[in-house]
There are 2 protein chains.
Amino acid sequence: MNSRFGHHGGTLSLLLTMTVICCCRCMYCAATNPVESMRENVTKLSWEVDYLLWSPDCVEKVVIGINGAFPGPSIRGYVGNVLEVHLHNCLSTESVSIHWNGIRQIGTPWGDGVAGVTQCEIGSGETFIYRFKLDKAGTYSYYGFHGLQRSAGLYGMLIVEDEQKVPFEYDGEHSLLLSDWWHKSAYEQEVGLQAPLPQFRWVGEPQSLLINGRGRYDCTLVPKGGQQNSGDVKVCNVSNPQCSNPVVLRVERNKIYRLRIASVASISSLNFAVEKHKLMVVEADGNYVEPFEADDLDIYPGQTYSILLSTNQFAGRNYWVALNVRGRLPQTSPHLGILNYFPVPATNKPPFPPPKGPLWNDTAYSTAQSQLYKSREGYGKVPDKVQKQIILLNTQNTVDGKIKWAINIVSLALPTTPYLQALSYNIHDAYDCESPPVTYDQSYDIFSPPKNANVTLASMLYKLPFRHTIDIVLQNANTLTLRNSEINPWHLHGHDFWVVGQGLGKFDPEKDPKSYNLKNPPLRHTVPLFPYAWTTLRFKADNMGVWLLHSTVEPRFFMGMGIVLEEGTEWMLEEPPSCTMGCGLTKELANSLLKL
Amino acid sequence: MNSRFGHHGGTLSLLLTMTVICCCRCMYCAATNPVESMRENVTKLSWEVDYLLWSPDCVEKVVIGINGAFPGPSIRGYVGNVLEVHLHNCLSTESVSIHWNGIRQIGTPWGDGVAGVTQCEIGSGETFIYRFKLDKAGTYSYYGFHGLQRSAGLYGMLIVEDEQKVPFEYDGEHSLLLSDWWHKSAYEQEVGLQAPLPQFRWVGEPQSLLINGRGRYDCTLVPKGGQQNSGDVKVCNVSNPQCSNPVVLRVERNKIYRLRIASVASISSLNFAVEKHKLMVVEADGNYVEPFEADDLDIYPGQTYSILLSTNQFAGRNYWVALNVRGRLPQTSPHLGILNYFPVPATNKPPFPPPKGPLWNDTAYSTAQSQLYKSREGYGKVPDKVQKQIILLNTQNTVDGKIKWAINIVSLALPTTPYLQALSYNIHDAYDCESPPVTYDQSYDIFSPPKNANVTLASMLYKLPFRHTIDIVLQNANTLTLRNSEINPWHLHGHDFWVVGQGLGKFDPEKDPKSYNLKNPPLRHTVPLFPYAWTTLRFKADNMGVWLLHSTVEPRFFMGMGIVLEEGTEWMLEEPPSCTMGCGLTKELANSLLKL
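- Naming follows an unreviewed UniProt entry, where chain A appears as L-ascorbate oxidase of Ceratopteris richardii.
- Here is the UniProt Sequence similarities (unreviewed entry) comment for chain A, exactly as written: "Belongs to the multicopper oxidase family."

So this is what it looks like as structure tokens:
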């Protein structure tokens, strides 16, 4: 008998005395508290990711939930904590990964949660442990970063408390997780996006805007009739407790409230307003900003904010909290919540119409607001010397008849083998090894559709000189449609960056850097690139790892709108943990050792 | 510099001369011929599995297709051929596996395609090669064996031709792939099945019956109105070429046609009839049977047949081909195709109503028909000596408030680590190591709902004595509903079995074996177990591997209705190929070697 098969050689009694560990597929563990607190150095959370039939806007749909609920639990930790999330994937055939948006993953680049970049996807039935330090106070979020799983509802809020150094005071706090919501499944959206022209289908405008996973669709718009239980009829039930309450922010008069806001929207730029109340912006993307006051706030997918709201209005009534779509012709009803001046009953409707916010296509308004952000004094200083400049042209294109987005004429196709693991284990041929273009043909006319719409699909890597200061100039251009350029919010993983400049038209490498704000540019991780405009990000490439820079419009990234940066992985002292391996060539590598 | 990171140490020119292999995510390769022929010893097929928006019954839905079409390509090979399918999984987040239904996988147990049993699931972006011998002529099928991917449309036909020894003659051939079809997504079905009572939802009756992936739903039943592109409105378009033709079997008069029929239905037992034509059954489940004539044919999920049809009727008209639901109160319109006596135009409707088949609940009719099957003389002999008997009680139960199906009070929960790989690499704790019960408490009342509905979820393994002859008695019982027992079709992997006996009521181990047919019982791989009845299967445990025995009602297997058999894996000379590894504990094993 072959000794490899030792446990077959045992007697029955031997078999029966063996330790039996249940490796069966998921069963829900006891529901965990939706807000899981932690004050210890290491806090362990146990998550089960599974499908749920849920009605976020009163229309029932399959969503991806965590621990039996949608949205995912709010995590609250303290600076210096280590967060350890034991993620058990209970989806029967689908794999997942979760990105911790705004967490720089210093020293744990394999924890960034991008399947194909920093880890292998977490297979169904598998448990994966995310473990990283919460090293900076602020308001963050997390969301699925695999396929269109953000659109499928895999997201939540992550708040890191500052125990000592909060540079402003407040009496109370509310959290608002903003998202846009479709009745179409993520799969239907995927098929539409991947179909060649003319079958291509854009995901369309969302049916609802959600705050904290709740909204309300107008059930009279849902088709009626049809065969019962056929799946042809969408169930819309306004008395479903999963949707029936618009968001209610209960406040008392003459206090200051900190509203922590995170947008995990898939496509929608949003505008947030509270009737008759000014919004004092104090934090953006986990960084304190020089406070400024606004009537309403533009919020792009992936951004987070803290605003201070003074309840200094007449106390005998409630006020509207209004969330509107920006930058796209709105076809989605605003989300209307209530600022509830206790003890006024929360059900009392405000007597006047809700604030409408700026006109959807008033780009000048948005541009002006974006100029108001300055970093708060004492929180970091922008380097004034730059060692490398990369100019990235954002274009809409086609590849083999499919619509794609491209950066410098390359549309990103993530490899099956993640970059970080390929680099760490010296696996060749895992991705396209040519160097990607660091600028574009300066004769390109950014004000017209591309003359040649075809681009290349590739998985190239931008190798940044380690510890050097980098400028990345994002250059927007016309889409495939005449006289059309769209807002593109961009997010950098592993870093915050200083937004040193932005301007209309084509970036001029000679002239425009002279107008950079090197005094107090805002430090962010997600920034909008306005139509026909440019934006310059500056950061130090000092975080060993592989990091995405990409559009936070989820379908656009799905269509290739991103690049991959590599920094100092040759200096990493630790290899990525084995749990991040097991796909593509990392699987072959490991399995080949079994045969030795 | 660490040598692990060698290719970073290279110069730019070194980088540029490296071989660049595209490992990017899927792009459709050129569409392959739907019927792929092979006469060579090894035939390679290249498959890309991806979502498609498709309208099999004129209602648009996301389906899982192969090479851009639904259903999957028909494979046609010859006895002795090796089939090599390069399956590239283009689903963005979903893993797959494909079972080759009826192929015994002698010497290639890792090719059986059951995620969690014979292989790790094939992750998104990964390519997996199925390679096995087509060792026996017959009509087979293939389908997804992971989650509810059969219901999602991942299936096709597999025909192995006999070059010399076909024991009957015919002039022409038609293939019919039968399936049932829902408008609900597989995910919605999953959520309903996994929800605890009272949220539990059965998948319900199918909306349509398909032949060769086509049917026609009554579009007037689809709800109208709703917001455009919201996903709330199902598109139903009878002029969509994907659905608009019912099946047409073109024939000439006075010929004999071989109809190859395979059912990949998820839940529906079906009845197949051709108006005014007798069906001469000559093959069942890839084995020749003693020919017999029937007016119509009961076909259970997973079964395959060949019937000879003599076109001996009046040639001036067409005849109905009718497919009806059996054993469940029909809520699905029959599929009505056309037997087209050329040169009558195929569009000429037959002048009389279509055949209705037997009453849906006429179990006696089905039982009687199942008795007509005898193995064809000269094609194998049943062993008359049995070394081991296992009695399996089929019950409907609950586990933690969820509805499950169980065998001998154990509901199967497949482990994340596949059994075959765990055994081959001596991985402990991959599954529950106790021996599962080989019979049930004989005081159990099979005519009543279970007194204690609770059962255990487990992943135990039945170890069969290698090369011994085994009798498995399947015993049906009452479900959770009073006075209700349901037809359960059972399928054994890795084997054909002789159906040596069946009877009503509780199997009597003393008396009933005396009535076994040991002369010419039919050799099959899928057999119905009738309500309140028993069926005995006999086979020789001579195929090294790990094999499922399970209900072919897909949601019932999803709910635990199956057992896992192990045969002689200690004698296997080859280890499972590394591509079958990479999940659960096989991943940890391989990765641990990386750290050495």
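**Here's the deal with the overall build of chain A**
Point 1. When helices and strands are tallied, chain A shows 7 helices and 33 strands.
Point 2. Viewed in the frame of its principal axes, chain A has a C-alpha envelope of about 85 × 60 × 55 Å.
Point 3. Within chain A, buried positions represent 64% of all 596 residues.
Point 4. Considering only contacts in chain A between residues 6 or more positions apart, those separated by 24 or more positions represent 80%.
Point 5. A total of about 21300 Å² of accessible surface is found on chain A, and carbon and sulfur atoms cover 54% of it.
Point 6. Chain A carries 51 positive and 56 negative side-chain charges, and their two centres are separated by 3 Å.

**As for the state of the cysteines**
Point 1. One pass over the full model with this rule turns up 6 disulfides over all chains.
Point 2. Across the disulfide from Cys58(A) sits Cys243(A); the S-S distance is 2.0 Å. On the sign convention where negative is left-handed, the bridge of Cys58(A) and Cys243(A), at about 100° about the S-S bond, is right-handed. Taken as a pair, Cys58(A) in the loop between strand E2 (42–54) and strand E3 (61–66) and Cys243(A) in the loop between strand E11 (208–211) and strand E12 (248–251) lie far apart in primary sequence, 185 residues in all.
Point 3. According to the relative accessible area criterion, Cys243(A) is buried, its value standing at 1%.
Point 4. With a sulfur-sulfur separation of 2.0 Å, Cys120(B) is cross-linked through a disulfide to Cys583(B). Given an S-S torsion of about -80°, the disulfide between Cys120(B) and Cys583(B) has left-handed geometry. Taken as a pair, Cys120(B) in the loop between strand E6 (98–101) and strand E7 (127–133) and Cys583(B) in the loop between strand E33 (562–567) and helix H7 (584–594) lie far apart in primary sequence, 463 residues in all. Each member of the pair, Cys120(B) as well as Cys583(B), is classed as buried.

**Notes on helix H4 (residues 363–370) of chain B**
All names here are of chain B.
Point 1. Among the residues of H4, Ser366, Gln369 and Ser370 are the ones counted as buried. Down the axis of H4, the smallest arc covering the buried residues is 100°, so these residues share one side.
Point 2. Against strand E16 (287–294), strand E17 (296–299), strand E19 (319–326) and strand E28 (497–504) lie the buried residues of H4.

**As for the sheet that holds strand E18 (residues 304–310) of chain B**
All names here are of chain B.
Point 1. The strand order across the open sheet built from 6 strands is E11-E10-E13-E18-E15-E16, with neighbouring strands paired in mixed fashion. Both outer strands of the open sheet, strand E11 (208–211) and E16, are each paired with one neighbouring strand and no more. Each neighbouring strand pair of the sheet contributes to a mean axis angle of 25°, computed without reference to strand direction.
Point 2. Across 4 bridges, the pairing between strand E15 (residues 279–284) and E18 is antiparallel. For glutamate 283, the partnering residue across the bridge sits in E18 and is serine 306.

**Notes on the domain arrangement of chain A**
All names here are of chain A.
Point 1. Per the domain assignment, the segments making up chain A are domain 1 (35–52 + 61–167), domain 2 (181–212 + 247–371) and domain 3 (388–580).
Point 2. Of note, the centres of domain 2 and domain 3, computed from C-alpha atoms alone, are 27 Å apart.
Point 3. Residue-level contacts link 29 residues of domain 2 with 25 residues of domain 3.
Point 4. Between domain 2 and domain 3, roughly 2200 Å² of surface is buried when both sides are summed, and carbon and sulfur atoms account for 61% of that area.
Point 5. The interface formed by domain 2 and domain 3 includes 2 salt bridges.
Point 6. Here arginine 524 makes a salt bridge to aspartate 285, at a shortest N to O gap of 3.0 Å.
Point 7. For the pair domain 2 and domain 3, the interface holds 12 residue pairs in polar contact (both at pLDDT 80 or more).
Point 8. Of all the elements in the fold, those that place two or more residues in the side of domain 2 that touches domain 3 are helix H3 (186–194), strand E18 (304–310) and helix H4 (363–371).

The rules behind the values
Residues numbered from 1 in each chain as written. Chains lettered and ligands numbered in written order. Predicted model: local features only at pLDDT ≥ 70, side-chain atom pairs only at ≥ 80, totals over all residues. Heavy atoms only, no water. UniProt positions renumbered as here; feature names shortened; annotations may be inferred. Helix = DSSP H or I, 4+ residues; strand = E, 2+ residues; numbered from the N terminus. Buried < 20%, exposed > 50% of the residue type's maximum accessible area, 1.4 Å probe, protein only. Contact = heavy atoms within 4.5 Å. Areas by Shrake-Rupley, 256 points an atom, 1.4 Å probe, with all protein chains shown as cover. Lys, Arg positive; Asp, Glu negative; His and termini not counted. Charge placed at Lys NZ, Arg CZ, Asp CG, Glu CD. Disulfide = S-S within 2.5 Å. Arc of directions from axis to C-beta. Pairing = 2+ DSSP bridges. Axes fitted to C-alpha atoms, helices over the stretch in contact; angles between N-to-C directions. Domains from an automatic or database assignment. Buried area = accessible area lost by both parts, 1.4 Å probe. Salt bridge = Lys/Arg side-chain N within 4 Å of Asp/Glu carboxyl O. Polar contact = N/O pair within 3.5 Å; in protein donor to acceptor, adjacent residues only side chain to side chain.

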